[in-house]
Amino acid sequence: AFAVNVVSEGAEDETELPVLQKSEKSRTISKIGRELKEIVFVIQSQSNSFHSKRAEDLKRDILKQAVNLVKELPTVLLIHQINRHEGAWTILPLMRDFSVTYGRNSSWIFFCEEDTRIQVVKLLETLRRFDKSKEWFLGKALYDEESTIIHHYAFAENPRVFKFPDFAAGWALSIPLVNKLAKKLKSEPLKSDFTIDLKHEIALYIWQKGEGPHLTPVPEFCTDDVNSYKVDHCATTFSNFLPLCGEPVNKEDVFVAVKTCRKFHGDRIPVVKQTWEREAALIEYYSDYADISIPTIDLGVPNTDRGHCGKTFAILERFLNRTSPRTPWLVVVDDDTLISIFRLRKLLSCYDPNEPVFLGERYGYGLGTGGYSYITGGGGMVFSRTAVQKLLASKCRCYSMDAPDDMVLGMCFSGLGNPITHSPLFHQARPMDYPKDYLSHQIPVSFHKHWNIDPVKVYFTWLAPNTEESHNGKNVGYNREDL
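Looking at an unreviewed UniProt entry, the protein chain carries the name Beta-1,3-glucosyltransferase, with the source organism given as Daphoenositta chrysoptera. The record in UniProt for the protein chain states the following under Sequence similarities (unreviewed entry): "Belongs to the glycosyltransferase 31 family." Per its UniProt entry, the protein chain bears the Function (unreviewed entry) comment "O-glucosyltransferase that transfers glucose toward fucose with a beta-1,3 linkage. Specifically glucosylates O-linked fucosylglycan on TSP type-1 domains of proteins, thereby contributing to elongation of O-fucosylglycan."

See the structure below:
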């Protein structure tokens with residue numbers, strides 16, 4: 001019904017073609033126009049120049065598709081431009097604005113990531129199946145295989161019963177549900193708490209302990225690659241597993257700092273040496289004890305049981321003052337972080353080291369009431385030299401030596417008006433702590449923790465430059481399903 005151009009390529013006899021009467025075509029176009037105007041597209045964008053350009057490209061693509069269909073253009077918003085509020089990326093604080101601005105004349109708010117690709121006609125066809133006067137929460141459903149720490153062990157008895165959306169496939173809220181959420185947020189402001197996995201936390205908030213709607217799975221919301229044979233039925237696809245914007249940055253452009261302490265020299269450091277150390281041209285181990293066999297460097301900062309703010313700031317000072325000014329990137333990892341420096345070098349080809357880049361997996365603290373975002377340390381924190389220079393020039397420092405380093409860094413950069421940059425390819429937890437379908441459209445850069453796993457096996461399964469790596473003279477090929 002949406003075919004505006006009805007002439008098929010290769011047709012020999014145009015008189016045999018199905019031709020829409022002008023009035024019927026006009027009604028069809030008018031209907032498409034109305035439906036498009038009733039959708040507000042929201043791209044979950046970031047202000048970093050690489051990410052904002054990708055979001056702008058997606059916006060142009062949506063508008064181009066719309067122009068080719070009808071004269072009316074839909075509303076397309078970029079989250080980093082909507083609201084300078086630090087917590088805009090967590091979306092729920094924006095519900096009241098959405099309700100006030102679009103609550104009367106729109107039917108759907110459709111959210112997507114910068115790498116989501118949208119077939120506008122198929123999206124309209126898909127949304128038409130749902131009564132827009134009802135409360136709908138639509139998306140591609142993810143679920144936990146087992147209860148996990150990143151979801152606070154929610155639904156421990158049967159974690160599969162609770163579904164949450166894969167943002168990469170796009171997800172939608174009907175306006176009646178947006179209005180309901182806005183009303184609730186007005187009477188019950190968001191609590192000042194941690195944001196760890198936004199997609200799960202939004203689903204929990206909407207569910208309201210069973211009083212609100214569950215996520216309704218929509219098979220047309222897909223994360224298959226746009227070129228896959230599977231995507232004929234898809235309204236959305238996903239175009240990006242690991243960004244590459246040219247040649248990977250040189251090995252010598254990445255300095256790796258490993259945080260460790262004496263009690264972990266014997267068990268964690270050997271894992272690093274068996275796995276990813278070989279990928280790093282520049283690497284140093286920082287400890288509370290100088291061990292020449294590794295070797296480690298004693299920074300003169302005592303080990304603490306909790307946060308490691310003193311140690312991390314000492315590393316930042318050392319990077320700025322003791323390494324070549326021609327080395328543009330610093331990566332700070334824990335001794336139980338598993339990381340692919342090979343993939344990180346590809347990813348960094350997309351970023352400008354002359355910008356103050358602070359990159360990794362984004363968490364939030366107290367974002368409903370001001371708060372700040374931060375890069376969680378276990379998955380790895382990546383700094384451009386420019387970011388380190390800006391940070392240390394600011395005199396923002398630890399409020400105590402055992403303060404959580406990642407959160408203090410988040411506070412500092414927030415105070416500087418320097419947004420952090422999120423990448424879902426960094427992971428604070430282990431592979432089994434994430435839905436398999438979520439990881440299936442990623443080429444991950446890092447995982448964290450050695451709890452109840454063989455970390456060497458995890459590295460060679462998930463992070464090694466090739467799926468089959470030569471390890472101690474043996475070819476090792478593992479099945480991800482086992483992990």
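That covers the picture; the talk isn't over yet.
Novice: Could you give an account of the overall build of the protein chain, naming the residues involved and the relevant values?
Specialist: Assigned secondary structure in the protein chain consists of 14 helices and 24 strands. Viewed in the frame of its principal axes, the protein chain has a C-alpha envelope of about 85 × 55 × 50 Å. In the protein chain, buried positions account for 53% of the 483 residues. Taking the intrachain contacts of the protein chain between residues at least 6 apart in sequence as the baseline, contacts between residues at least 24 apart amount to 73%. Entry remark: accessible area of the protein chain is about 22100 Å², with carbon and sulfur atoms responsible for 49%. Positive and negative charge centroids in the protein chain, built from 58 and 62 side chains respectively, lie 4 Å apart.

Novice: Could you give me a rundown of empty space enclosed by the protein, with the residues and numbers involved?
Specialist: Evaluated as defined, the whole model comprises three cavities of 30 Å³ or more. What the largest cavity holds in volume is close to 770 Å³. Around the largest cavity, the lining comprises 41 residues; the ones closest to its centre are Glu113, His422, Ser423, Pro424 and Tyr438. Sorting the residues of the lining of the largest cavity by element identifies helix H2 (49–69), helix H7 (198–207) and strand S18 (362–365) as the ones contributing at least two each. For the lining of the largest cavity, the per-class residue count stands at 20 nonpolar, twelve polar and nine charged. Of the residues that make up the lining of the largest cavity, three or more belong to each of domain 1 (32–238) and domain 2 (251–463). Residue lining of the second largest cavity: Leu177, Lys180, Leu181, Lys184, Ile206, Gln208 and Pro213, and that is the complete set. The element best represented in the lining of the second largest cavity is helix H6 (residues 175–187), accounting for four residues. Split into classes, the residues belonging to the lining of the second largest cavity amount to four nonpolar, one polar and two charged.

Novice: Outline a nonpolar patch on the surface, listing residues and values.
Specialist: A contiguous nonpolar patch, built from Ile149, Tyr153 and Trp451 and spanning about 310 Å² of accessible area, is present on the exposed surface. With respect to the helices and strands, the residue Tyr153 is situated in the loop between strand S6 (141–142) and strand S7 (164–165). Under the relative-accessibility criterion, Tyr153 is labelled partly exposed at 46%.

Novice: Report on H6, specifying residues and quantitative values.
Specialist: Over its 13 residues, H6 extends 19 Å from the first C-alpha to the last, a length consistent with the 18 Å expected when each residue adds 1.5 Å. Three or more residues of H6 are buried, namely Ile175, Leu177, Val178, Leu181, Ala182, Lys184 and Leu185. In the core, the buried residues of H6 are packed alongside helix H4 (95–102), strand S3 (108–112), strand S5 (137–139), strand S8 (171–174) and H7.

Novice: Break down the nonpolar core for me, with residues and values.
Specialist: Counting residues in hydrophobic clusters, the biggest one holds 83 residues, and the most contacted among them are Met95, Phe98, Leu173 and Leu344. Sort the elements by how many residues they give to this core and H7 lands first, with six residues. Not counting residues within four places of it along the chain, the set of residues in contact with Leu173 comprises Met95, Ser107, Trp108, Ile109, Phe111, Trp136, Phe137, Val178, Leu181 and Ile206. Counting residues in each nonpolar core, the second largest holds 28 residues, with Leu36, Trp108, Val218 and Ala235 among its members.

Novice: Account for the sheet that holds strand S1 (residues 39–43), with residues named and values stated.
Specialist: Ordered by their spatial adjacency, six strands build an open sheet running S2-S1-S3-S8-S5-S10, and the pairing between neighbours is mixed. Of all strands in the sheet, those with a lone pairing partner are strand S2 (75–78) and strand S10 (216–217), marking the two edges. Sheet analysis places S3 next to S8, joined by four bridges and oriented antiparallel. Among the inter-strand pairings, Phe111 is bridged to a residue of S8, identified as Trp171. Contacts between helix H5 (residues 120–127) and the sheet are confined to S1, S3, S5 and S8, with S1 contributing the most and set at about 120° to the helix.

Novice: Tell me about the pattern of salt bridges, and name the residues and values.
Specialist: Considering all chains together, one arrives at 21 salt bridges under this definition. Across the salt bridge formed by Asp437 and Lys140, the nearest N and O atoms sit 3.0 Å from each other. Residue Asp437 is found in helix H13 (residues 436–439), and its partner Lys140 is found in the loop between S5 and S6; the two are separated by 297 residues along the sequence. By relative accessible area, Asp437 is classed as partly exposed at 34%. We classify Lys140 as buried; its relative accessible area is 13%.

Novice: Can you explain the state of the cysteines? Please cite residues and give values.
Specialist: Applying the stated criterion to the full structure yields four disulfides. The disulfide that involves Cys222 links it to Cys234, with 2.0 Å between the sulfurs. On the sign convention where negative means left-handed, the S-S torsion of about -95° between Cys222 and Cys234 marks this disulfide as left-handed. Here Cys222 is found in the loop between S10 and strand S11 (236–238), whereas its partner Cys234 is found in the loop between S10 and S11, with twelve residues between them in sequence. Take Cys222 and Cys234: they sit in the same class, and that class is buried. Each sulfur in the disulfide pair Cys245 and Cys350 lies 2.0 Å from the other.

Novice: Kindly report on the environment of Tyr205, identifying the contributing residues and their values.
Specialist: Examined against the element boundaries, Tyr205 turns out to sit in helix H7. Looking at Tyr205, the relative accessible area reads 16%, which means it is buried. Separated by 15 residues in the primary sequence, Tyr205 and Leu190 place their C-alpha atoms 9.8 Å from one another.

Novice: I'd like a description of the pairing of S8, backed by residues and values.
Specialist: In the case of a regular strand, side chains alternate between the two sheet surfaces. Here S8 shows a buried face lined by Trp171 and Leu173 and a second buried face lined by Ala172 and Ser174. Relative to S8, S5 runs antiparallel, the two being bridged by three bridges. When the sheet's bridge partners are listed, Gly139 is paired in S8 with Trp171.

Novice: Go over the UniProt feature "domain: Fringe-like glycosyltransferase" (unreviewed entry) in the protein chain, please, and point to the residues and values.
Specialist: Mapped onto this numbering, the UniProt entry annotates "domain: Fringe-like glycosyltransferase" (unreviewed entry) at residues 102–184 and 248–458. Secondary structure within residues 102–184 divides into 23% helix and 23% strand; the distance between the first and last C-alpha atoms comes to 17 Å. Along residues 248–458, the helical share is 27% and the strand share 21%, with 24 Å between the first and last C-alpha atoms.

Parameters and conventions
- Residues numbered from 1 in each chain as written.
- Predicted model: local features only at pLDDT ≥ 70, side-chain atom pairs only at ≥ 80, totals over all residues.
- Heavy atoms only, no water.
- UniProt positions renumbered as here; feature names shortened; annotations may be inferred.
- Helix = DSSP H or I, 4+ residues; strand = E, 2+ residues; numbered from the N terminus.
- Buried < 20%, exposed > 50% of the residue type's maximum accessible area, 1.4 Å probe, protein only.
- Contact = heavy atoms within 4.5 Å.
- Areas by Shrake-Rupley, 256 points an atom, 1.4 Å probe, with all protein chains shown as cover.
- Lys, Arg positive; Asp, Glu negative; His and termini not counted.
- Charge placed at Lys NZ, Arg CZ, Asp CG, Glu CD.
- 1 Å grid on protein atoms, 1.4 Å probe; cavity = no way out; pocket = protein on both sides within 12 Å on 5 of 7 lines; lining within 4 Å.
- Points joined across faces, edges and corners; volume = space filled by probe spheres on them.
- Nonpolar A, V, L, I, M, F, W, Y, C, P; charged D, E, K, R; others polar.
- Domains from an automatic or database assignment.
- Patch = residues over 30% accessible without salt bridge, like charges linked within 9 Å, V, L, I, M, F, W, Y side chains within 5 Å.
- Salt bridge = Lys/Arg side-chain N within 4 Å of Asp/Glu carboxyl O.
- Expected span 1.5 Å × (residues − 1).
- Core = buried A, V, L, I, M, F, W, Y, C linked by side-chain atoms within 4.5 Å.
- Pairing = 2+ DSSP bridges.
- Axes fitted to C-alpha atoms, helices over the stretch in contact; angles between N-to-C directions.
- Disulfide = S-S within 2.5 Å.

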